[in-house]
Every structure is written in C-alpha cells, then in structure tokens.
Amino acid sequence: VSTPLGLRDRALIELLYATGMRVSELVSVRAADLHLDAQYLTCVGKGNKERLIPIGDEAARWVRRYTEEARPTLVARQRARGASPRMFVNVRGGPLSRVGFWKILTGHGRAAGIRGSISPHVLRHSFATHLLERGADLRAIQELLGHASLSTTQIYTHGLEARLRAVYDRCHPRA
C-alpha cells in the first residue's frame, strides 16, 4: 500500500470481499455510487437492478485512502482525454476492466503464496459463506448478492452443510 497502485488494489480487494459484488459491478463503481460516511454503496447489477450494499469499516477506510491519496495520481495520467467517471482506474488512468482486476487479484494471490485457484468469484463466494457461517439469513444474502432466485443463493449452503455434518458425526453420541 506504499504506492498508488497498491492502495488501489487493497481498496478493490477489501471492497469486493466486504460487499460480495460481481466483478463487473466492482469495476463499474463510480464516485457517486459510494456513500462512505453512511457506509453503503449503490450498485447496478444484472437486469439493470439497483441495490444498496452496506460497506464495513475496513473497506470504507481503504476506499477513502485510495480516493484521497492514490486516485488523483492515477487519473492525472489520463487528463488529456478526460478523467474516467469510474472509481477504480488502471495504471494509465483509464477505466479498470474485469480482466484487469482478475490479473491484479491472481497476482496478489500468487505473491501471498495461495496455491489454489483464486478469482473474483472466490471472494464473492467467501463473502456469502462467511455470512452464512455467522448466522445470516439466506434471504438477506440473496438480496446482498443481487440474486433473482433464492435457489441460486442456496448453492452457498452446500459447504456449510458438509461442515455441520462433520461436527455432528464427530460430536453426537449416536452419530
């Protein structure tokens, strides 16, 4: 986080994990969509449906730092063509693409020693799974993820069911 790109990357990853947005939604965020003081953002998802998504303290802090300390430096490189309305920009100050973010995330994953597959969807899945593990209602998770159908959200319960079964088998006297 000692460079403008490092701050951008940290803000992106924190925001993705904190909100569970789709990668296309993440890279489309504009400054006007962010309400950091109230800790939420407005997101336009699939089917042009708009939803409000809460942002936690940590993600809001990193996005604020990126906005104040790094983004001005990055967009200055694009001034001749006009600054991008998108919050997150690439090294040249233009809009960051889905593929660009994918490369950023996998690069940081490799640098951190993650051997398995890492993708923006893995963070989205982690967001939903961690909410479920801590008792969040499946219907609330559906709203946060922007799923039209509850059956789509139920996919995230499979890992939880396996863990619950393992606990049951290990701990129940008649398992």
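Residues numbered from 1 in each chain as written. Predicted model: local features only at pLDDT ≥ 70, side-chain atom pairs only at ≥ 80, totals over all residues. Heavy atoms only, no water.

1. Describing the overall build of the chain
The number of helices and strands found in the chain is 8 helices and 3 strands. Reading the secondary structure of the chain in the N-to-C direction produces α-α-β-β-β-α-α-α-α-α-α. Over its C-alpha atoms, taken along the principal directions, the chain stretches across nearly 70 × 35 × 25 Å. Counting the 175 residues in the chain, one finds 41% classified as buried. Sequence-distant contacts, at least 24 apart, represent 50% of the contacts inside the chain between residues at least 6 apart. Surface exposure of the chain reaches about 10000 Å², of which carbon and sulfur atoms provide 54%. Positive and negative charge centroids in the chain, built from 27 and 15 side chains respectively, lie 8 Å apart. (Helix = DSSP H or I, 4+ residues; strand = E, 2+ residues; numbered from the N terminus. Buried < 20%, exposed > 50% of the residue type's maximum accessible area, 1.4 Å probe, protein only. Contact = heavy atoms within 4.5 Å. Areas by Shrake-Rupley, 256 points an atom, 1.4 Å probe, with all protein chains shown as cover. Lys, Arg positive; Asp, Glu negative; His and termini not counted. Charge placed at Lys NZ, Arg CZ, Asp CG, Glu CD.)

2. Section: the pairing of strand E2 (residues 40–44)
Pairing between strand E1 (residues 34–35) and E2: 2 bridges, direction antiparallel. Residue Leu-34 lies in a different strand from E2, and its bridge partner there is Leu-41. Between the antiparallel neighbours E1 and E2 lie 4 residues, among them Gln-39 with a positive phi of about 60°. With 5 bridges connecting them, E2 and strand E3 (residues 50–54) associate as antiparallel partners. (Pairing = 2+ DSSP bridges.)

3. Observations regarding the pattern of salt bridges
In this structure the tally under the stated criterion is 11 salt bridges. Close ionic contact of Arg-8 with Asp-9 constitutes a salt bridge, the shortest N to O distance being 2.7 Å. By relative accessible area, Arg-8 is classed as buried at 5%. Across the pair Arg-51 and Glu-25 runs a salt bridge whose closest N-O atoms are separated by 2.9 Å. In this pair, Arg-51 sits in strand E3 while Glu-25 sits in helix H2 (residues 23–27), placing the two residues 26 residues apart along the sequence. (Salt bridge = Lys/Arg side-chain N within 4 Å of Asp/Glu carboxyl O.)

Geometric descriptors of this kind do not, in isolation, establish any biological role.
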